Amino acid sequence: MTLQQLHSFIEVAAEGSISAAADLLFVAQPTLSAAMKDLETRVGRNLLVRSARGVALTTDGAEFLGYAKQVVEQVALLEQRYLGRPPSRRLLGVSTQHYSFAVDAFVRMVKRTEGAEYEFSLRETRTWDIIEDVRTLRSELGVLYRNDFNRDVIDKLLRDSGLAFHPLFLAEPHIFISRKNPLAARGRATLADLADLPRLTFDQGANNSFYFAEEILSTLSSPQEIRVSDRATIFNLMIGLDGYTISTGIISDDLDPEIIAVPLDVDERIEIGWIGHTAIPLTELAQRYLEEVRAVVAGFGVTLLG
C-alpha cells in the first residue's frame, strides 16, 4: 500500500463519502473509488461499507484508520525533522460531557501545539452522542463519567460499540452554584438544603434516560427542574434563579468566575474517564490532551487513577 492511499482513506473516512473526498483531493471519483478497492484488496479486508448515502467504516476499517493516522503522522514528523518541510496540519476531535476541566485542558493542548495549521474540534454534548462520536470516529476520544448506578449500562453500550472506558480520577460530588447563592457560604450542603432550589440538568434529547444523565442522583425527584443544552445557559440560570447542578467540584475560576463548587454530603463518588476504540491506539495529540486533563485535575488536589 502507498502513503497516498492512506491519505485518501483518511479523507474518505472523515467525509463519509468517496465523491466528497475526491473533490477535496482534486481527483476523479472513479479514480478514488478504484484506489479504495485496491487498498482493500491489498489488506485483504473490507474497510468500507458502501451505500447510496455514502460510505461507513467496517470494524476492520475503524481499526485500520487508527493505524493509518499513526503512519501518516509519523511520516510527517520525519519529513519535518529531516527534510525541512513545514509541520503538517494537526487533527484531533474530542467529545465530552459538560466539564470545564475538559475545556481548560483543551486550551492548554492547543497552546502547546506546534505548527501553523491545525483542525481541532471540541464537542460538549449528550452522553449518547459522545459514545456515537467515538464509535464512528467523529472524535478520537470522549470524556464522561460513570458510577455504581450507571456502570453496567454504560459498560455494555461501550462493549457493544467496540469501545473501552479508561478511568482518570474519582471525584467527590459537589453542587455548582452562584457565588451569591445562600449556600455559597456553607462548608458542605445536604440534599435537604437543595429541596427548594431549582435543579438544573443537561438535556439528553431523544435518548433521555436516568442512565445517561450527566448528574448523579438522577432518579431523585425535584419539585423544580430545568433542563438545558449548554454550559453557558446552566451558569446563567445558577446566577439568575439560584439554581444548582451536581458535578465533580472541579471548576476553573478563569473560565467560570461567578460559579463556585460546594461539597455535597452524599455517599457517592463520580468516576471520570475517557473512552476510545479498543483496537485503535491514540495519536500523539490525543495523548497530549489527556496529559493536560491530568495536569488540570491534579492542580485541584484530586488523586489520579491509572
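Here the structure is a predicted model, which is why all the values come from computation and not from measurement. (Residues numbered from 1 in each chain as written. Predicted model: local features only at pLDDT ≥ 70, side-chain atom pairs only at ≥ 80, totals over all residues. Heavy atoms only, no water.)

### Things to note about the overall build of the protein chain
On a plain count of helices and strands, the protein chain comes out with nine helices and twelve strands. Its C-alpha atoms give the protein chain principal-axis dimensions of roughly 65 × 40 × 35 Å. Contacts in the protein chain between residues far apart in sequence, at least 24 positions, make up 76% of those at least 6 positions apart. Surface accessibility of the protein chain: about 15,300 Å² in total, with carbon and sulfur atoms responsible for 50%. (Helix = DSSP H or I, 4+ residues; strand = E, 2+ residues; numbered from the N terminus. Contact = heavy atoms within 4.5 Å. Areas by Shrake-Rupley, 256 points an atom, 1.4 Å probe, with all protein chains shown as cover.)

### Some words on the packing of helix H2 (residues 18–25) against helix H3 (residues 29–43)
The geometry of H2 relative to H3 is characterised by a closest axis approach of 9 Å and an angle of 110 degrees between their N-to-C directions. Taken as axis vectors, H2 and H3 run roughly perpendicular relative to one another. Seen from above, H2 lies across H3 with right-handed handedness. Between H2 and H3, the contacting residues are Ile18, Ser19, Ala21, Ala22 and Leu25 on the first element and Gln29, Leu32 and Ser33 on the second. (Axes fitted to C-alpha atoms, helices over the stretch in contact; angles between N-to-C directions. Parallel < 35°, antiparallel > 145°, perpendicular 65-115°, else oblique. Left-handed = near helix turned anticlockwise from the far one by under 90°.)

### Some remarks on the nonpolar core
It is characteristic of soluble globular proteins that their nonpolar side chains tend to be buried jointly. Residues Phe101, Leu141, Ile175 and Tyr289 are the most contacted members of the largest nonpolar core, which totals 42 residues. The set of elements that each furnish at least two residues to this core consists of strand S3 (90–96), helix H5 (100–112), strand S5 (141–146), strand S6 (163–171), strand S7 (174–178), strand S11 (259–263), strand S12 (270–277) and helix H9 (284–298). Here this core takes seven residues from H9, the largest share from any one element. Not counting the four nearest positions on each side in its chain, Phe101 is found in contact with Val143, Phe169, Thr248, Ile250, Ile272, Val293, Val296 and Val297. (Core = buried A, V, L, I, M, F, W, Y, C linked by side-chain atoms within 4.5 Å. Buried < 20%, exposed > 50% of the residue type's maximum accessible area, 1.4 Å probe, protein only.)

### Observations concerning the packing of H5 against H9
H9 packs onto H5 with a crossing angle of 125 degrees between their chain directions and a minimal axis gap of 8 Å. Compared by their axis directions, H5 and H9 come out oblique. For the pair H5 and H9, the crossing hand works out as right-handed. Counting all contacts with H5, which are made through Phe101, Ala102, Asp104, Ala105, Phe106, Arg108, Met109 and Arg112, the residues of H9 involved are Leu285, Arg288, Tyr289, Glu291, Glu292, Val293, Ala295, Val296 and Val297. By residue class, the composition of the contact of H5 with H9 is eleven nonpolar, no polar and six charged. (Nonpolar A, V, L, I, M, F, W, Y, C, P; charged D, E, K, R; others polar.)

### Digging into the UniProt feature "domain: HTH lysR-type" (unreviewed entry) in the protein chain
UniProt annotation of "domain: HTH lysR-type" (unreviewed entry) refers to residues 1–58 when read in the numbering used here. End-to-end, the C-alpha atoms of residues 1–58 are 19 Å apart, and along that stretch the chain is 62% helix and 14% strand. (UniProt positions renumbered as here; feature names shortened; annotations may be inferred.)

### Quick word on the pattern of salt bridges
Side-chain pairing between opposite charges can occur once the charged atoms of the two side chains come close. Inspection of the entire model under this criterion finds 17 salt bridges. Arg112 is paired through a salt bridge with Glu292; the nearest N and O atoms lie 2.6 Å apart. Of this pair, Arg112 sits in helix H5 while Glu292 is found in helix H9, placing the two residues 180 residues apart along the sequence. Judged by its relative accessible area of 47%, Arg112 is partly exposed. Residue Glu292 is classed as buried on the basis of its relative accessible area of 6%. Notably, a salt bridge pairs Lys156 with Asp160, separated by 2.8 Å at the nearest N-O pair. Separated by four residues within a single helix, Lys156 and Asp160 lie in helix H7 (residues 151–160), roughly one turn from each other. Among the charged side chains, a salt-bridge network with shared partners connects Arg146, Asp148, Arg151, Asp155 and Glu271. (Salt bridge = Lys/Arg side-chain N within 4 Å of Asp/Glu carboxyl O.)

### Section: the packing of aromatic side chains
Taken as a whole, this structure holds seven aromatic pairs when the rule is applied. Ring centres of Phe9 and Phe64 lie 5.2 Å apart, and the angle between their planes is 85 degrees; this geometry places the pair in the edge-to-face category. Here the residue Phe9 occupies a position in helix H1 (residues 3–15), and Phe64 occupies one in helix H4 (residues 59–82), the gap between them amounting to 55 residues. With a relative accessible area of 1%, Phe9 lands in the buried category. Between Phe101 and Phe169, the aromatic rings sit 5.5 Å apart at their centres with planes inclined by 75 degrees, giving edge-to-face as the arrangement. Highlighted residues: Phe101 in helix H5 and Phe169 in strand S6, separated in sequence by 68 residues. Classification of Phe101 as buried rests on a relative accessible area of 2%. (Phe/Tyr/Trp six-rings, centres within 6.5 Å; stacked < 30°, edge-to-face > 60°.)

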